[in-house]
Amino acid sequence: MSQQPWERYELDFLAEVAGTMTLKEVAEKLERTQGSVKNKAMYLGITLFSAKGWQSWTPEHAALFSSHSDKEISLITGRSLRAVATKRYNLRIHARAA
């Protein structure tokens, strides 16, 4: 898969909606991967954490622990690796072997 350069309107959109939309929503709107959006935001110093405040784990997100790595869960949910690792520990689900 080739990487497409970021257009000015995409960067403006990313800066405008940061903190109001989830990583997944931003990625869908820009038609880019969540990893690409997250990396670009980090590079630009844009915080993607939702301004909605703390979000509880949904049952769908908790189900990811049995089939995904912490990094994958982090990208899917927009949470930090530390938050994912803490939730995995609390759920007492061992990490998948790499």
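Residues numbered from 1 in each chain as written. Predicted model: local features only at pLDDT ≥ 70, side-chain atom pairs only at ≥ 80, totals over all residues. Heavy atoms only, no water.

Engineer: I tried to follow the overall build of the protein on my own but got confused; where do I start?
Structural biologist: Scanning the protein from N- to C-terminus turns up six helices and zero strands. When the helices and strands of the protein are listed from N to C terminus, the series reads α-α-α-α-α-α. In the protein, buried positions account for 29% of the 98 residues. In the protein, 50% of the contacts between residues at least 6 apart in sequence involve partners at least 24 apart. Carbon and sulfur atoms provide 54% of the accessible area of the protein, an area that totals close to 7100 Å². (Helix = DSSP H or I, 4+ residues; strand = E, 2+ residues; numbered from the N terminus. Buried < 20%, exposed > 50% of the residue type's maximum accessible area, 1.4 Å probe, protein only. Contact = heavy atoms within 4.5 Å. Areas by Shrake-Rupley, 256 points an atom, 1.4 Å probe, with all protein chains shown as cover.)

Engineer: Got a minute to help me understand helix α3 (residues 34-44) in this structure?
Structural biologist: Residues three or four positions apart in an α-helix share a direction because the helix packs 3.6 residues into each turn. Those residues of α3 lying buried are Q34, G35, V37 and A41. Buried residues in α3, looked at end-on, bunch into an arc of 165°, giving them a common side. Looking at the packing, one finds that the buried side of α3 touches α1 (8-17), α2 (23-30) and α5 (70-77). Positive phi shows up at G45, right after α3, with a value of about 75°. (Arc of directions from axis to C-beta.)

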